[in-house]
Amino acid sequence: MKPPSLEDCRLDESYFAGGDHIKAMVIIEDSIFKQGKGNDLLGLLHFQQGSIFRAQARRTENSDVKFTFLLGSVECFAESEGFSSFTALSLFEMGQHLGSSMYYKKSVEKAKEYLSVLAELDEYGPKEVKSQKDVERIIEDAESRIAGGKSLVASPIVRSEPKAKESKKNPDSKLRSFWRGLDDEFKRNFLKMEITKLISFVEAMYGKEGRDALDQVLTFARENRKWRFWMCRTCSKKFSSPEECKNHLGQEHAAEFKPSSTKDMPQTVTKVWGHKISVGGWDPVDAAAAVEMIKNRLQDVKAFAYENGWSKDWPLAIDEERSKLLKEIKLLLVSFWELKILSCSIRDWMMQFPVKHLAQFEVSEHTLTTECRLVETPQSICFLEFRELNQILHFLRAIKGERDDGKNLVCKAVDSFWDGTRVKEKIDFDSQFSFLLLDKRLLKCKLTRFDNEGTVNVFDPNDYYANAQVHGDDILSWLADYSLGDEIFRFPKPIRTHNIDIWVAVLRAVQFTCRTLRTKYEKKLRMICYDAALIDANNLCIREDERRRNIPEDQWTLYASLLCDKCEENIRRHAGDSLTTKLSLCAVQDVLGGASQPTFDFTDLVDCRNLINGHKHISDDIVLKSINLLKSVVTYKVPLVDSKILLVENSRISLLKDLVSLSVFDYRSYILQPVKLYLEEELEDAAPPELLSEKKQEKAKKSGSKKRNHKSTKRTSASMSSHLDQDVEQAKEDSMELEDDTKGEKSLFEISSNTNNQEEATKDMQSMPREDLETVNGKAATRYNSALDMMLKSLCNIKVLKEDLVNNRKPFSENQVPCALRDFFSAFVSEKIKEEELYGHLLSNLLDSLEELHSLSSNAAEVLVAILEFCHCWKSPESESLVTRLFTLEEYERMSCRKCRRKPNYPEQSSYGIVMAADSIRDLECALGNIMFEDTLKVIRMNNEMICDVGTGGCGERNLVHHTISRCPPIFTIGNF
């Protein structure tokens, strides 16, 4: 099978708008978890997941989140060498983010791997040709940046800090006044929620799904006495502590790596040794005088007093150069200790220098380790001369104190998601678990501290709220604030889907770090085996020296010949397949070939044997010299590898900590929105009718559908896209121009909403019995009258309409225009309409004309349509009708079926405006805050769906419909139904 090309990883915006990436992430994780390793399907699953991560990285504006998704994609693509082109691309982009030569080098390595895969193919198509060029470009660009060395800089990407979440709407001033007028007893009882009522409210709003979700929440809180838990998004297991979650991730989901032998794991020095490094004076010691004391006054030396590993009894030397080197060595060692990368192998490598140095003064290793115990303290390094100290300093400078792998960016990305789940409010129960008791501090002030414990307590409600202090109306702002948590994930969605995309990306980042650890350990194991081969070679030479003592010189065997014979024996025994045998051959090849650096592999066994056998006759001195040189190089490299392993392990620990933080789920953040909606309704029910008359009228008109509207608003807002079609943006610009014109012109008239006739009718209705007042006809007439009055006033405040009417006075006399409408606009143009009595008369005549054609039960949108239909025949000889010219918009619907990929073409449709529920607009404005009107418009219409027409060859699948406005009129109309 051909490896996929770079063009095989494209996901369009509709994929994310419909939430398909979340569904896909759940399915992929389930499949990977069930399939296990070794299944052919895994590669394709990882590829799809990596594709989603790359698409997410392109979509997000937060550079930290972008980097996290790219890092997650690297591990997905790294599962197969056939995907190495994608791995190379993601690594290259990560290198651009950080200016990191490490990722550029990895990118070049993976890119070359992909080219080697392509080279094995007999033929490949245009996609592969293009990918080959793209990969070659990556290699060229990355290598040029690596060559720049220190000049590498990160891409100039602005870091997107998490925005402070603000309240979505402000409580009405009348509602605040109403709250302040309530007695303290009512306010205290207000926070005591009866669970059965809350469940009924949630079921009415969200259906059975909501009820089941709330039951799950309340059951968990009741049984565990906790709101918080940790959840694995891969297998859905829950944990009561971060430690349990961390252990599970490490053991079950490859979030940790340990070598087969624990002795290969580098260990950091003890706290005692670390403390000795930090507190020591690091003054140079007079080695000659110290040796004299060891040789002649050993008992006095044994009695030296040590404080934290340092003794003031050793003779000091005045040596500024040595003192400077020692101070720098101390600073490096202390920094490595603080970064947790100071390994025992580094310490042991340094401590060999004092032993060798004092051996020159005939001080034995036994005396130093047993009698003086100098090797137990870093003060022994102060005995060294300038040359040895310089060697140590050069070695320590080669150790990297930080790994530029971007783990700090992942941490920032995680914080931006994790902060949204933190909760300040405590929620408790009564002893019977029949009431939820909200935090009594809400009655007093705004809450500032997060409650990261999430403990559930049991109180007597009367006792709990008895002494609660009641001040101000901050609780109303709290009720109106829906900003807590993820704007997309909301109750009652399955909790597993919460942040699942970023969670899995961080898990893959941890696994990628484990993959790097495995590579480092493999390198260390090769070094250890290579070093063992050198030791075996040296021991073979020592045994030959012992044999030579008892035989004549002409029977001696050269070291080189012995090494060749040993290699042949190993090949016969293990066929050259074992790692030990291969590295033994490499070691002998390097020794006999005079290599200055060890090699850990060979391309061909026959060539290696021929090279070894071709050096059978080199001298023993050359062999011993070469063994010692290579052994010193390996001894130098192993501590460096240990420090790198510890650095990578630190990154793994940091990333795993971030993953555990993302695993936290607080049920309070999950249920706070329905709780607030429930309390809002309770407060509305307690408020007087005149305070909430508009809302109650809406509620009556929709036959108690307020709860469903909340549900619809929630569902719609969760689907909001931040990008708009270009045509809608143009509509916004036109409407903004009109708005500016309207604001700049003073209202043409300021008259009461009702005429004298309306006032008399109102008085008559007020004197009628309540039953008659509530009749359908009376309500319809009142609503129709009010709507007509509102529409006419709105039209009279549009500057564009007035200018058009002034420029086209002649058509006013045409008979096809109703007299009432013609008289009304004539008065409007002449500004006589400001007279209150005339306005009332014209309004009454127009109402009579409209009633002949339309029912009084018509809604506001139909009233406007009736007016515009009357105006439609209002034409001038030179141009189209007034309505077409000023009010008519044209739009078309487009749909791309996700299942059968059909794209039916629907004809453009003309209308006088867009008709939608006004309360939907108001609710979205409240829920989403200060957003552009076109955003609100698109959100409301985003969930419109259409069935793929089976009659025309479609599949019957429901798909989202995209509306495109092709003609935007000067007057953009939004109507209510």
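Bear in mind the structure is a predicted one, so any value in this text is a computation, not a measurement. (Residues numbered from 1 in each chain as written. Predicted model: local features only at pLDDT ≥ 70, side-chain atom pairs only at ≥ 80, totals over all residues. Heavy atoms only, no water.)

Asks: Honestly, the overall build of the protein in this entry has me stumped. Any pointers?
Replies: In terms of helices and strands, the protein carries 40 helices and 14 strands. Out of the 977 residues belonging to the protein, those deemed buried represent 48%. Within the protein, contacts between residues separated by at least 24 positions form 78% of all contacts whose residues are at least 6 apart in sequence. Looking at the protein as shown, the accessible area adds up to about 48900 Å², and 50% of this sits on carbon and sulfur atoms. (Helix = DSSP H or I, 4+ residues; strand = E, 2+ residues; numbered from the N terminus. Buried < 20%, exposed > 50% of the residue type's maximum accessible area, 1.4 Å probe, protein only. Contact = heavy atoms within 4.5 Å. Areas by Shrake-Rupley, 256 points an atom, 1.4 Å probe, with all protein chains shown as cover.)

Asks: Help me out: how do you make sense of the pattern of salt bridges in this one?
Replies: Should the charged atoms of two oppositely charged side chains come close, the side chains can pair. Enumeration over the complete set of coordinates arrives at 39 salt bridges. With a closest N to O distance of 2.9 Å, Asp-405 and Arg-403 form a salt bridge. Note on accessibility: Asp-405 and Arg-403 belong to one class, buried. Lys-426 is the partner of Asp-451 in a salt bridge, and the nearest nitrogen-oxygen pair spans 3.7 Å. Taken together, the residues Asp-451 in the loop between strand S5 (435–438) and strand S6 (458–459) and Lys-426 in the loop between helix H19 (407–418) and strand S4 (427–430) connect sequence positions 25 residues apart. Under the relative-accessibility criterion, Asp-451 is labelled buried at 10%. Several salt bridges converge on common partners, so that one network encompasses Glu-544, Asp-545, Arg-547, Arg-548 and Asp-620. (Salt bridge = Lys/Arg side-chain N within 4 Å of Asp/Glu carboxyl O.)

Asks: How should the packing of helix H16 (residues 344–359) against helix H26 (residues 620–663) be read in this particular structure?
Replies: Between two packed helices, both the angle of their axes relative to each other and the distance between the axes serve to describe the pair. The geometry of H16 relative to H26 is characterised by a closest axis approach of 8 Å and an angle of 150 degrees between their N-to-C directions. Classified by the interaxial angle, the pair formed by H16 and H26 is roughly antiparallel. Between H16 and H26 lies a crossing whose hand is left-handed. When H16 is examined against H26, the residues Ser-345, Ile-346 and Trp-349 are found in contact with a partner set consisting of Thr-635, Tyr-636, Pro-639, Asp-642 and Ser-643. Its residues assigned to classes, the contact of H16 with H26 shows 4 nonpolar, 3 polar and 1 charged. (Axes fitted to C-alpha atoms, helices over the stretch in contact; angles between N-to-C directions. Parallel < 35°, antiparallel > 145°, perpendicular 65-115°, else oblique. Left-handed = near helix turned anticlockwise from the far one by under 90°. Nonpolar A, V, L, I, M, F, W, Y, C, P; charged D, E, K, R; others polar.)

Asks: Just to check I follow, could you spell out the side chain of Ser-73 for this structure?
Replies: Along the polypeptide, Ser-73 turns up in helix H4 (residues 63–77). Discounting residues that sit within four places of it in the chain, Ser-73 has contacts with Gly-50, Phe-53, Arg-54 and Ser-90.

Asks: Just to check I follow, could you spell out the sheet that holds strand S1 (residues 192–194) for this structure?
Replies: Across a sheet, strands are paired by hydrogen bonds formed along the backbone, either parallel or antiparallel in direction. Across the sheet, which stays open at both edges, the 4 strands sit in the order S1-S5-S4-S6 with mixed pairing between neighbours. The outermost strands of the open sheet, each flanked by one partner alone, are S1 and S6. By the bridge criterion, 2 bridges tie S4 to S6 in an arrangement that is parallel. Considered in S6, the bridge of Phe-429 is made with Val-458. Across the sheet, helix H27 (residues 667–686) lies against S1, S4 and S5, angled at about 90 degrees from S1, the strand it touches most. (Pairing = 2+ DSSP bridges.)

Asks: How do you make sense of the packing of aromatic side chains when you look at a structure like this?
Replies: Working definition: an aromatic ring pair is given by the centre-to-centre distance plus the angle between the planes. Taken as a whole and assessed by the stated rule, the structure comprises 34 aromatic pairs. Relative to Tyr-670, the ring of Phe-489 lies with its centre 5.8 Å away and its plane at 15 degrees, an arrangement referred to as stacked. Linking Phe-489 in the loop between helix H21 (474–480) and helix H22 (500–548) with Tyr-670 in helix H27, this pair joins segments that are 181 residues apart in sequence. Accessibility assignment for this pair places Phe-489 and Tyr-670 in one class, buried. Taking the ring centre of Trp-273 as reference, the NZ or CZ of Arg-347 above it sits at 5.9 Å. One Lys or Arg, Arg-422, reaches over the ring of Phe-450 and ends 4.1 Å from the middle of that ring. (Phe/Tyr/Trp six-rings, centres within 6.5 Å; stacked < 30°, edge-to-face > 60°. Lys NZ or Arg CZ within 6 Å of the ring centre and 35° of its normal.)

Asks: Just to check I follow, could you spell out the UniProt feature "domain: C2H2-type" (unreviewed entry) in the protein for this structure?
Replies: Look at the UniProt record and you will see "domain: C2H2-type" (unreviewed entry) annotated at residues 230–258. Between the C-alpha atoms that bound residues 230–258 there is a distance of 24 Å. The span itself is 38% helix and 14% strand. (UniProt positions renumbered as here; feature names shortened; annotations may be inferred.)

Asks: Quick question: what am I supposed to make of the packing of helix H6 (residues 101–119) against helix H7 (residues 126–147) here?
Replies: Axis separation between H6 and H7 bottoms out at 9 Å; the angle between their running directions is 150 degrees. Judged by the inter-axis angle, H6 sits roughly antiparallel to H7. Where H6 crosses over H7, the two elements pack in a sense that is left-handed. Residues Ser-101, Tyr-104, Lys-105, Ser-107, Val-108, Ala-111, Lys-112, Tyr-114, Leu-115 and Leu-118 of H6 form the contact with H7, whose own contacting residues are Glu-128, Ser-131, Gln-132, Val-135, Glu-136, Ile-138, Ile-139, Ala-142, Glu-143, Arg-145 and Ile-146. The class makeup of the residues in the contact of H6 with H7 is 11 nonpolar, 4 polar and 6 charged.

Asks: Which parts of the structure should I look at to understand helix H12 (residues 271–279)?
Replies: For an α-helix, the turn length of 3.6 residues means that residues three or four places apart are oriented alike. Along H12, the residues that are buried comprise Trp-273, Gly-274, Lys-276 and Ile-277. Axial view of H12: buried residues confined to an arc of 155 degrees, hence all on one face. Relative to its buried face, H12 has exposed residues pointing more than 90 degrees away, namely Lys-271 and Val-272. Tucked into the core, H12 has its buried residues touching helix H15 (320–338) and H16. (Arc of directions from axis to C-beta.)

Asks: Help me out: how do you make sense of empty space enclosed by the protein in this one?
Replies: One water molecule sets the probe size; rolling that probe over the atoms shows where empty space is left. Under the definition given, this model contains 5 cavities of 30 Å³ or more. Quantified by volume, the second largest cavity comes out at close to 60 Å³. Together, Leu-71, Met-102, Tyr-103, Arg-403, Asp-405, Lys-407, Phe-512, Thr-513 and Leu-655 line the second largest cavity. Looking at the lining of the second largest cavity, the elements that each hand over two or more residues are H6 and H22. (1 Å grid on protein atoms, 1.4 Å probe; cavity = no way out; pocket = protein on both sides within 12 Å on 5 of 7 lines; lining within 4 Å. Points joined across faces, edges and corners; volume = space filled by probe spheres on them.)

Asks: Sorry, what's going on with the nonpolar core here?
Replies: Among soluble globular proteins, nonpolar side chains are generally buried collectively. Among the nonpolar cores identified, the biggest contains 85 residues, and Leu-249, Leu-592 and Val-623 are the most heavily contacted of them. Top element by residues in this core is H22. It accounts for 20 residues. When residues no more than four places from it in sequence are discounted, the contact partners of Leu-249 are Cys-232, Ala-254, Ala-255, Trp-503, Leu-656, Leu-659, Val-660 and Ser-663. Judged by nonpolar contacts, the second largest core, of 56 residues, contains Leu-442, Tyr-464, Ile-475 and Val-675. (Core = buried A, V, L, I, M, F, W, Y, C linked by side-chain atoms within 4.5 Å.)

Asks: What should I look at first to understand a positive patch on the surface in this one?
Replies: There is a patch of like positive charges on the surface, built from Lys-105, Lys-400, Lys-523 and Lys-644. Mapped onto the elements of the fold, Lys-400 is located in the loop between helix H18 (386–397) and H19. (Patch = residues over 30% accessible without salt bridge, like charges linked within 9 Å, V, L, I, M, F, W, Y side chains within 5 Å. Lys, Arg positive; Asp, Glu negative; His and termini not counted. Charge placed at Lys NZ, Arg CZ, Asp CG, Glu CD.)

Asks: Would you mind showing me how to read the environment of Leu-647 here?
Replies: Here Leu-647 lies in helix H26. Assessed through its relative accessible area of 9%, Leu-647 is described here as buried. Linking Leu-647 and Lys-400, residues 247 residues apart in sequence, is a C-alpha distance of 8.4 Å. Once residues lying within four places of it in the same chain are set aside, the contact partners of Leu-647 are Ile-341, Lys-400, Gly-401, Glu-402 and Arg-403.

Asks: What is the right way to read the sheet that holds strand S3 (residues 238–239) from this model?
Replies: One open sheet accounts for 3 strands, arranged S3-S2-S7; its pairing is antiparallel. The open sheet is flanked by S3 and strand S7 (664–666), the only strands paired with a single partner. Sheet topology places strand S2 (residues 228–231) next to S7; 3 bridges connect them, and they run antiparallel. What sits directly across from Trp-230, in S7, is Val-664.

Asks: Help me understand the state of the cysteines in this model?
Replies: Think of a disulfide as a covalent bridge from one cysteine sulfur atom to another cysteine sulfur atom. Throughout the structure, instances matching the rule amount to 0 disulfides. Cys-567 supplies the cysteine sulfur nearest to Cys-564, a cysteine that is in no disulfide, at a spacing of 6.5 Å. The buried category is assigned to Cys-564, whose relative accessible area is 1%. (Disulfide = S-S within 2.5 Å.)

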